[in-house]
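Chain and residue survey
So you can see what is in the structure, the chains are spelled out below.
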Amino acid sequence: MLEQHKARVISANIHLTNRCNYDCIFCFSRGIDVSELSVDEWKRILNDMICRREISKINFAGGEPLLYRDLKECIRYTKQLGATTSIVTNGSQVDEKFLEDVSGYLDWIGFSIDSCLEKTEEALGRHSSGHKHLDHIIRISKTARNLGMHIKLNVAVTRLCLCDDFHQIIEDVNPDRVKFMQITKVPGTNSKGWAKTSVTPEEFEDFVKRHSNVLLPFGFRPVFETSEDMIDSYLMIDPLGRVRLGTHGGYVYMPYDTYWNGSMNVNYESYVRRGGIYDWSVQGVRS
C-alpha cells in the first residue's frame, strides 16, 4: 500500500463538531466555537476530498461526532463515494440502533478509553452520571463487530494511567487496531490540565515497553505515537471546514482551498512514521 501512495496523504480526520458531552481534562480537540457546517456543505468537501484529492479514508471525529445531527448521512455519503469510513467516539452515545443504522456504511469504529480503571476514567473526565464507560465500550464493541465493523481503541497516555496494565481490557474488547498516544500539549486548548496529565518521553517509553508484547488479531501490534509524532502529521478539517494543522506552537488554521494550493502541508514522512497508512481495507477482517 505504501508503494502505491508515495508522498501523498490518503486519509483525513473531519471534526464535525467541537461539542462534547464529556469534559476530559487533557482534551486536545476542545473548542469554544460551536458553529458547524451543514450536511450539504460537508458533502461538497467530501466530494472534493475523495473524488478530486483522492483521499481514500475519512475519519469523523469531534468533539463527540455523534452530537452532530447529520453524522449518519455523512457516513453514508462518504461510503457511497467509495472511501473507507471511520469514526472516533467516546462511545457514550453509541447504541444498537445507531450501529444498525450505519451497518454496511461504517467500516471502522474507534472507541476512546484512557485507563483500564473506571475511577481513573472518572478522574480524567471521561464519564457521565450513571454511566460506566469501560463496561459500555466492551459491550457495544461486540455489537459493532457482529455487524461487520472493525474495532479500534484510542488511548491517550496520561500521568494518571502510566501504571495501568491495558492487556486485559484489550483482550476484553478484542480490537483490530490499538493506538497509544502520548498526551500532547496544545496551547490554549489543554494547558489547564497539563501539569496533572503530562508524561515525559522516558515515562512514555517505559509504558511502550510494558505493552509492546500486546498481540492483536492476525498478528498485528499496537501503534505507539509520541507527542512529537503527532506534530504536522494529521490532515484535519475543523467544524468550520478549515484545514487544521498541529505545530509546536498549537494549531494553525487555513481556508480549505488555500491548503491544497499552498506550500504548508502535512509532513508526509511524519504521517508515515506514525502509522498513518495501513491496509484499512483488509486489516482485521474476521472469518
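Above this text you will find the structure in question.
Residues numbered from 1 in each chain as written. Predicted model: local features only at pLDDT ≥ 70, side-chain atom pairs only at ≥ 80, totals over all residues. Heavy atoms only, no water.

Overview of the packing of aromatic side chains
To be explicit about the condition: Classification of ring pairs uses Phe, Tyr and Trp, with its six-membered ring standing for Trp, and accepts pairs whose centres are within 6.5 Å; under 30 degrees between planes counts as stacked, over 60 as edge-to-face, and the remaining range as tilted. Each helix is a run of H or I in the DSSP string that is no shorter than four residues. Each strand is a run of E no shorter than two, and both are numbered from the N terminus. Using a 1.4 Å probe on the protein chains alone, a residue whose accessible area is under 20% of its type maximum counts as buried, one over 50% counts as exposed, and one in between counts as partly exposed.
This structure, assessed with the given rule, holds 11 aromatic pairs. Relative to phenylalanine 180, the ring of phenylalanine 166 lies with its centre 5.6 Å away and its plane at 70°, an arrangement referred to as edge-to-face. One end of the pair, phenylalanine 166, is in the loop between β5 (150–157) and α6 (167–173); the other, phenylalanine 180, is in strand β6 (residues 177–182), and 14 residues separate them in sequence. Taking relative accessible area as the criterion, phenylalanine 166 reaches 0% and is therefore assigned buried. For phenylalanine 180, a relative accessible area of 0% gives the class buried.

A word on the state of the cysteines
Worth spelling out the cut-off: When two cysteine sulfur atoms lie within 2.5 Å, the pair is treated as a disulfide.
Enumeration according to the criterion identifies 0 disulfides in this entry. Just so you know, cysteine 74 is unpaired, no disulfide at all, and the nearest cysteine sulfur is the one on cysteine 51, 15 Å from it.

Observations concerning the environment of arginine 126
The condition that has to hold: Should any heavy atoms of two residues lie within 4.5 Å, those residues are considered in contact. What qualifies as a polar contact is a pair of N or O atoms within 3.5 Å, subject to a donor-acceptor requirement within protein and to the restriction that residues adjacent in sequence count only when both atoms come from side chains.
Assignment of secondary structure puts arginine 126 in the loop between α4 (118–124) and α5 (133–146). For arginine 126, a relative accessible area of 8% puts it in the buried group. Taking the C-alpha atoms as reference points, arginine 126 and serine 92, separated by 34 residues in sequence, lie 9.5 Å from one another. Apart from residues lying up to four places away in sequence, arginine 126 is in contact with Tyr22, Cys24, Phe26, Asn90, Ser112, Ile113, Asp114, Glu121 and His133. Among the polar contacts made by the side chain of arginine 126, one reaches the side chain of aspartate 114 at a distance of 2.4 Å.

Examining the pairing of strand β10 (residues 250–254)
Selection criterion: For two strands to pair, DSSP has to find at least two bridges joining them.
As defined by bridge partners, strand β9 (residues 243–247) adjoins β10 across 5 bridges and the pair is classed as antiparallel. When the sheet's bridge partners are listed, threonine 247 is paired in β10 with glycine 250. Between the antiparallel neighbours β9 and β10 lie 2 residues.

Brief notes about the sheet that holds β10
To summarise the sheet geometry, strands pair through backbone hydrogen bonds and adopt either a parallel or an antiparallel arrangement. Put simply, the rule reads: Axis definition: a line fitted to C-alpha atoms, limited for helices to the stretch in contact. Angles are taken between N-to-C directions and run from 0 to 180 degrees.
Read from one edge of the open sheet, 10 strands run β7-β6-β5-β4-β3-β2-β1-β8-β9-β10, paired in mixed fashion. If you trace the sheet from one side to the other, it starts and ends with β7 (223–225) and β10, each paired once. α5 rests against β4 (108–112) and β5 of the sheet, and its axis sits at about 175° to β4. Those strands touched by helix α8 (residues 201–211) are β5, β6 and β7, and its axis lies near 160° from that of β6.

As for α8
Spelled out, the test is: Here the arc refers to the directions that run from the helix axis out to each C-beta atom.
Taken residue by residue, α8 has Phe204, Phe207, Val208 and His211 as its buried positions. Angularly, the buried residues of α8 cover 100° about the axis, an arc narrow enough to put them on a single face. Across from the buried face of α8, at angles greater than 90 degrees, the exposed residues are Glu202 and Lys209. Contacts made by the buried residues of α8 are with β5, α6, β6 and β7.

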